[in-house]
Amino acid sequence: MGIVSSLARRPPLARAVDEFVLTTILLFLAVTVVRWLRAPGSALYITDLDVALPVIGVLSGIILTGLILSPPGRRSGGHANPAVTIALWLMNAFPGRRVLPYVLAQLTGSAAGTGLARLAWGRAVSLPSVAHAAIRPAPTWQPASVFLAEAGGMAALTLVIGFFLTHPGLIRLLPCAVGLSVGLVIALFGPRSGGSVNPARQFGPAAFSGETTDLAAYLVAPILGAVLGAAVHHLSVRLNTRAPTAADTRTSHGGGPAVAVSPSTSPPPPLPEPSDGNTRPSPRRERA
C-alpha cells in the first residue's frame, strides 16, 4: 500500500498499538451507529431490524475500508480482527511471533472502544435494542447454525483476501474488497446469525452488556473459519501451480525448450503489517 521504508521499520510493539487504536475506533463507531439507528427516540431510529442491519452493514464496510487506508491502518496492516491476523499468518503473509500481540491489542481495543461509546452516549447505549451493539442471532437460529454461519463467513473473507494476495496487480483494491465483503456479511447474515465474523467485534460489547448468547460461536467460529479458508487457499495455489508436463518440454520453434512459469504466491500484501524482512516467506515464491 505504498508504505515507505521508515514505516516498514516501525517497531512491532508500535504496530500492535496501531491495532489497538484501530479496533478502539472501530468499536466506538460500531456502537455509535447502532445507538443512533436502534435507540428509540433517536432522530435516525429504524424500527425494522431487517432494514436497519443492511444500513449498518453499508456503514460498517465504509468505516472498515477507511480504517485500513488510514495512517495507523497503513502502518499495522489494518487487521482489527483476530481472525484476519490468524488467516494472514496461515497464508504466510504475517509473522507468527506477532500474532499474539496483535490479537491482545485487538481484544483490548474492543473493550476500550465499547467503554468510550458508553461514556460518550450514556444510558442510550445500554437500552435493550442497543445493548452496547452486542451481536445476537435470530430466535429461530440454533447455536450450531450460528457457528457454521460465522465460520463460513470468515472462510469466505479469508478466500477473498487470499485471492488478492496472489494477484499483485489488484492488491490496491483489497481494502475496498474487505469492506464490501464485511458489509455484505452483516447485511445478509445480520438478521439471521448476527453477521459478526470478528471476535473483537463481539468481545467488548458482550463484556459490557452481559450478552452471552452463542458467545462461543462468535469468538471461536471465525478463527476456525480462518483456518479453513487458509487451507482452501493453499490447496488452490497448489492446484494452480502445475508441474511441467511432456508437452511443456517440447522444443519451441526456436529450438529451445518451452518454459512453464507459475505466478508468485507471495506478493507484497496490503493488509498484513509492512514487511521488515522478518515475515515468514512463502514456500513457493518464484520470480519470472
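Residues numbered from 1 in each chain as written. Predicted model: local features only at pLDDT ≥ 70, side-chain atom pairs only at ≥ 80, totals over all residues. Heavy atoms only, no water.

Chemist: So what's going on with the packing of aromatic side chains? Which residues, and what values?
Modeler: Inspection of every chain in the model, using the stated rule, returns three aromatic pairs. Note on Trp36 and Trp121: the rings are 5.5 Å apart at their centroids and 85° apart in plane angle, and the pair reads as edge-to-face. In this pair, Trp36 sits in helix H2 (residues 12-38) while Trp121 sits in helix H6 (residues 99-121), placing the two residues 85 residues apart along the sequence. Its guanidinium or amino end placed over the ring of Trp36, Arg35 lies 4.0 Å from that ring's centre, counting from NZ or CZ. (Phe/Tyr/Trp six-rings, centres within 6.5 Å; stacked < 30°, edge-to-face > 60°. Helix = DSSP H or I, 4+ residues; strand = E, 2+ residues; numbered from the N terminus. Lys NZ or Arg CZ within 6 Å of the ring centre and 35° of its normal.)

Chemist: I'd like a description of the nonpolar core, backed by residues and values.
Modeler: Ranked by size, the top nonpolar core spans 50 residues in total, and within it Leu88, Ile161 and Val178 carry the most contacts. If you list the elements that add at least two residues to this core, you get H2, helix H3 (49-69), helix H5 (82-90), H6, helix H7 (143-165), helix H8 (174-189) and helix H10 (215-240). (Core = buried A, V, L, I, M, F, W, Y, C linked by side-chain atoms within 4.5 Å. Buried < 20%, exposed > 50% of the residue type's maximum accessible area, 1.4 Å probe, protein only.)

Chemist: Outline the packing of H5 against H6, supporting the account with residue identities and numerical values.
Modeler: At their nearest, the axes of H5 and H6 sit 9 Å apart, and the two run at 165° to each other. Our classification of the angle between H5 and H6 gives roughly antiparallel. Pair H5 / H6 crosses with right-handed handedness. Facing Pro82, Thr85, Ile86 and Trp89 of H5, the residues of H6 in contact are Val99, Tyr102, Val103, Gln106 and Leu107. A class-by-class count of the residues in the contact of H5 with H6 yields seven nonpolar, two polar and no charged. (Axes fitted to C-alpha atoms, helices over the stretch in contact; angles between N-to-C directions. Parallel < 35°, antiparallel > 145°, perpendicular 65-115°, else oblique. Left-handed = near helix turned anticlockwise from the far one by under 90°. Contact = heavy atoms within 4.5 Å. Nonpolar A, V, L, I, M, F, W, Y, C, P; charged D, E, K, R; others polar.)

Chemist: Quick one: what's the story with the side chain of Arg35, residue by residue and with numbers?
Modeler: Take Arg35: it is sitting in helix H2. No salt bridge is formed by the buried Arg35; the nearest opposite charge belongs to Asp48, separated by 18 Å. Sequence-distant contacts of Arg35, defined by excluding residues within four places in its chain, comprise Ser42, Trp121, Ala124, Val125 and Val130. (Lys, Arg positive; Asp, Glu negative; His and termini not counted. Salt bridge = Lys/Arg side-chain N within 4 Å of Asp/Glu carboxyl O.)

Chemist: How would you summarise H3 if you had to cite specific residues and measurements?
Modeler: Here H3 contains 21 residues, and its C-alpha end-to-end distance of 30 Å stays within 8% of the 30 Å for a straight helix at 1.5 Å per residue. Of the positions making up H3, those classed as buried are Ala52, Leu53, Ile56, Gly57, Gly61, Ile63, Leu64, Thr65, Leu67 and Ile68. (Expected span 1.5 Å × (residues − 1).)

Chemist: A description of the packing of H2 against helix H9 (residues 199-209) should follow, citing residues and the corresponding values.
Modeler: Where H2 meets H9, the closest approach of the two axes is 10 Å, and the angle between their N-to-C directions is 65°. Looking at the two axes, H2 sits roughly perpendicular to H9. As for the relative orientation of H2 and H9, their crossing is right-handed in sense. Between H2, through Thr23, Leu27, Ala30 and Val34, and H9, the contact on the second element is made entirely by Ala200, Arg201 and Pro205. Of the residues belonging to the contact of H2 with H9, the class tally is five nonpolar, one polar and one charged.

Chemist: Give me the lowdown on the side chain of Asp214, citing residues and values where you can.
Modeler: Among the structural elements, Asp214 can be located in the loop between H9 and H10. There is no salt bridge for the buried Asp214, and the closest opposite charge comes from Arg136, which lies 10 Å off by N-O distance. Those residues in contact with Asp214, other than ones at most four positions away along the chain, are Pro137, Pro143 and Val146.

Chemist: Give me the lowdown on the pattern of salt bridges, citing residues and values where you can.
Modeler: Enumeration according to the criterion identifies one salt bridge in this entry. With a shortest N-O distance of 3.1 Å, Asp18 and Arg75 are connected by a salt bridge. Placement of the pair is Asp18 in helix H2 and Arg75 in helix H4 (residues 71-76), with a sequence separation of 57 residues.

Chemist: Residues and numbers for the confidence of the model for the protein chain, please.
Modeler: Here the protein chain shows a mean pLDDT of 85. Residues at 70 or above account for 80%. Below a pLDDT of 50 lies the segment residues 1-8, which in the model reaches 16 contacts outside its immediate sequence neighbourhood of four places, other chains included. Within the model, pLDDT remains below 50 along residues 247-270, and this stretch shows 35 contacts once partners closer than five positions in the same chain are excluded. (pLDDT = per-residue confidence, 0-100.)

Chemist: Describe unusual backbone geometry, listing the residues and the values that go with them.
Modeler: Of note, Asn92 is a non-glycine position whose phi angle comes to about 65°, a positive value. Secondary-structure assignment places Asn92 in the loop between H5 and H6. Positioned with a positive phi, Val197 is a non-glycine residue whose angle comes to about 45°. Relative to the helices and strands, Val197 resides in the loop between H8 and H9. Note on Val197: relative accessible area 3%, which makes it buried.

Chemist: Give me the lowdown on a nonpolar patch on the surface, citing residues and values where you can.
Modeler: Judged by side-chain polarity, Leu13, Val17, Phe20, Val21 and Ile25 come together as a nonpolar surface patch covering roughly 410 Å² of accessible area. Tracing the chain through its elements places Leu13 in helix H2. Take Leu13: its relative accessible area is 67%, and that puts it in the exposed class. (Patch = residues over 30% accessible without salt bridge, like charges linked within 9 Å, V, L, I, M, F, W, Y side chains within 5 Å. Areas by Shrake-Rupley, 256 points an atom, 1.4 Å probe, with all protein chains shown as cover.)

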